[in-house]
Amino acid sequence: MFVFSPPADEAAGLLTLPFSEPLEEWQDERLVEVRQRGISRHVVRFIADSGELYALKSISERLARREYRLLRALAELNVPAVEVVGIVVDRWTEADAILVTRFLDYSTTYRALFSTPRGGQPTDSLLDALVELLVRLHLSGFFWGDCSLSNTLFRQDAGTLEAYLVDAETSEQHPALSAGQRAWDVELATERICGELFDLEAGGLLPAGVDPVATADALQPRYEGLWEELNREETLRPEEQRYRIAERLRRLNELGFDADEVELISAPDGTRLHVRTKVAESGQHSRQLFQQAGISADENQARRLLNDIASFRGYLELRDGAGVSETVAAHRWVQEVYEPALAAVPAGLRDRLAPPEIFHEILEHRWYLSEQAGRDVGTTMAAQSYVDTVLPEVPRPLTTTIEGLTGPRGQQELVDEGAAEEA
Amino acid sequence: MAQIMLDHVDKSYAGGVKAVNDLSLHIRDGEFMVLVGPSGCGKSTVLRMIAGLEEISSGSIRIGELLVNDLPPKDRDLAMVFQNYALYPHMTVGDNMAFGLKMRQMPKEEVDRRVADAARILGLEQYLDRKPAALSGGQRQRVAMGRAIVREPQAFLMDEPLSNLDAKLRVGMRSSLAQLHEQLKVTTVYATHDQVEAMTLGDRVCVLRDGLRQQVGTPGNLLDHPVNLFVAGFIGSPSMNLVTARLGTDGGQVTASFGAHLLTIPGSVLAARPGLDGYAGREVILGIRPSDFEDARLAEPSWVRMPATVDVTEELSSEIRVIFVINAPPVDHQDTAALAADQDEDEAVIPIAEGKSPWTARVSSRSRVRPGDSIEFGVDTSNLHFFDPGSGHAIGQTSSASSS
């Protein structure tokens, strides 16, 4: 029996998989071998079907149903997590169920990030991404119970990383978490991260200068700092209310969060301000970019691209001596700037990064070249230079190309889902 | 190691739902205490309150002499054991056990001593320098246990730790846990819904239902002296057979009649259950454990005879389980309804006509009983159980049955 959440037309091909056999014994041409897999508590295998990639995990039906429900709940809350496609149960007496999740586009693992760092060690950005994910989960009443680098996938987002929960097997959803539950989750995560870094060190894979204990210990203060920033109550004097509220909301936005509700409570010493934070990612810039230019991008990428659109609009207005609407500017920017820049990327390199991330890096490269040249070198030249000198150095994905896949991911090589070690 | 004292502990959630209701429980130093009950009984909540993951609404919790009501989990010196264990592939077995101590900057000599001790206890000495990939599933589980042991905590807390394992590994780990506790004697609190786990592991077992403590006692005590219908039905596998019976007198002897059956109650039973004779002429709920039956040909001569027709037999290595139908309706009581609601959906149930009930007897494997046979059982009436049909309380139960 296949339990899934419709629509799932593109996953219909999965129905022809040999579910009557143990997952570890499957011999299907759609199976994808993933290199550098660590140990797994469960059997996890990967399937490429109809241009999509899926992770299939064999676990008890009770756990599978529970994880399916929790991943769906996370999706409804818009918390970054892998997308669950369905579960397969009642295969035969005593057989485990199979949980099917969709592989996260352009994602990578902490192992890949440490083994081929770009522009310095990823320690800070990894921890920041993980802390933000943990805080979002906790704000929504989710206790992870198994927070670790292995159970997280990461995606580049214009100079930062975004973390996605991969494994919700041990998660619990509550109306709200107690301080003890949050502290315990952070403590578990600290120990897991330390173990994972010790493990990289034992395997000769941890770059010199990264201290496993210090890195793991940095999680708790970062978590507390962000939690406090989002949840602290402050007392405002009447004359400062307006700007202090605005300041607080701006700070929330800077941290990638939105306010859900602002509470002002009269108190003898002034007004107490409490801001209830929205769990979901802000997504404001992503939405705006999609509306203006029809491009799907992560939040920081979107912010960067929107800035470039605004700058392009200014250029058009100056050049033509007339006003240009936002919509027209965005439309022309896609045609005259974005698409030509990406067209400069040869097919063999397109799988390295998501297109908005490539464009973001082209802009970074343009800034770097312009500074060297003492003048703006322009996007066209920057794109060509980037393609010639930078993009080829971006780490290749960690597994062999999947033949037969079509679409953007048809060109993409699978990364090692280190998460599968724990999944 | 330390004792754990819960004193009038309440846990209420928003909306007034009480997950735990006025629970007092003294877990002795070095004791293996199992919290058992059906889903929603509050066992995990109790465990989490001890761990500090759930705040208590009222009452107090002490670990050793320390009041821990407001103490964060990390400061309680407790180890939550091998939930979601992760073994690291590049690290040796020894390092997999030791890394938590290294993280806490413990001196190397002390780390080495603790790992060596744990490896010896777990039978992992010869594997310390190997990588996890070279270990069997059971050995990996033991490494995960080792990681908790080396911490040398005041107590272990285990929340359904075996529920994610396959059946074979589960049995093996149950036995390992029992041996481990025998050697370490560390105070252990273990939550499970599986009464077989509870009865095989616990020095004492605390049965919970709807957040209320039902009974605390040794496994034998719970089996022999259940304080109410709920405990009687929940503890024991297969479950106690229950029927509404009428107490009467026959030739100066007190009898219990149900369906077409009449059992004479020994005088010693009446003497041991003060107040039972007061039910003469009234209904009681009678309970007979499956283990108090035997094929009459193999039973003690003094045991009372009870004829039946066999419906189903399950031949196990040391016994035969005989399912037969009695001519009396199932007991209709809130305690038995709660048990029925918790029954495994997959549990095999034979179709039963209205007004009849399925009973189970455990007889010797030397019996040649087969489905369809007429059989005469011998019943050990010295172990009969009697419950008040209104309250569900055991009749004449002495207070020693429910220790603190």
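For the structure given in this document, a descriptive report is provided here.

## A word on the overall build of chain B
Here is step 1: Each helix and strand counted, chain B has 10 helices and 20 strands in total.
Here is step 2: With the principal axes as the frame, chain B shows a C-alpha extent of 80 × 50 × 35 Å.
Here is step 3: Per-residue burial over chain B gives 53% buried out of 404 residues.
Here is step 4: Residue pairs in contact within chain B that sit at least 24 positions apart in sequence constitute 73% of those at least 6 positions apart.
Here is step 5: Carbon and sulfur atoms make up 47% of the accessible area of chain B, which amounts to about 17,600 Å² in all.
Here is step 6: Each charge class in chain B can be summarised by its mean position, and for the 39 positive and 51 negative side chains these summaries are 5 Å apart.

## A closer look at the sheet that holds strand 10 (residues 160-165) of chain A
Residue and element names in this part refer to chain A.
Here is step 1: With antiparallel pairing, the three strands of this open sheet are ordered in space as 7-9-10. Only two strands of the sheet have a single neighbouring strand rather than two, namely strand 7 (107-108) and strand 10.
Here is step 2: For strand 7 and strand 9 (residues 152-157), the ladder comprises two bridges, and the chain directions are antiparallel. Note that in strand 9 the partner of Ser-107 across the bridge is Arg-155.
Here is step 3: Packing of helix 3 (residues 123-139) onto the sheet brings it into contact with strand 9 and strand 10, and relative to strand 10 it is tilted by some 45°.

## Here we look at the interface of chain A and chain B
The parts lose accessible area when they come together, and the size of an interface is often stated as this lost area.
Here is step 1: On the side of chain B, 25 residues touch chain A, which itself brings 31 residues to the contact.
Here is step 2: Interface area for chain A against chain B, summed over the two sides, is near 2,600 Å², with a carbon-plus-sulfur share of 58%.
Here is step 3: Linking chain A with chain B are two salt bridges, by the criterion used here.
Here is step 4: Where chain A packs against chain B, one counts five residue pairs in polar contact (both at pLDDT 80 or more).
Here is step 5: Breaking the side of chain A that touches chain B down by element, the ones donating at least two residues are helix 1 (61-77) and helix 4 (179-202) of chain A.
Here is step 6: Residues of the side of chain A that touches chain B, tallied by class, amount to 10 nonpolar, 10 polar and 11 charged.

Analysis parameters
- Residues numbered from 1 in each chain as written.
- Chains lettered and ligands numbered in written order.
- Predicted model: local features only at pLDDT ≥ 70, side-chain atom pairs only at ≥ 80, totals over all residues.
- Heavy atoms only, no water.
- Helix = DSSP H or I, 4+ residues; strand = E, 2+ residues; numbered from the N terminus.
- Buried < 20%, exposed > 50% of the residue type's maximum accessible area, 1.4 Å probe, protein only.
- Contact = heavy atoms within 4.5 Å.
- Areas by Shrake-Rupley, 256 points an atom, 1.4 Å probe, with all protein chains shown as cover.
- Lys, Arg positive; Asp, Glu negative; His and termini not counted.
- Charge placed at Lys NZ, Arg CZ, Asp CG, Glu CD.
- Pairing = 2+ DSSP bridges.
- Axes fitted to C-alpha atoms, helices over the stretch in contact; angles between N-to-C directions.
- Buried area = accessible area lost by both parts, 1.4 Å probe.
- Salt bridge = Lys/Arg side-chain N within 4 Å of Asp/Glu carboxyl O.
- Polar contact = N/O pair within 3.5 Å; in protein donor to acceptor, adjacent residues only side chain to side chain.
- Nonpolar A, V, L, I, M, F, W, Y, C, P; charged D, E, K, R; others polar.

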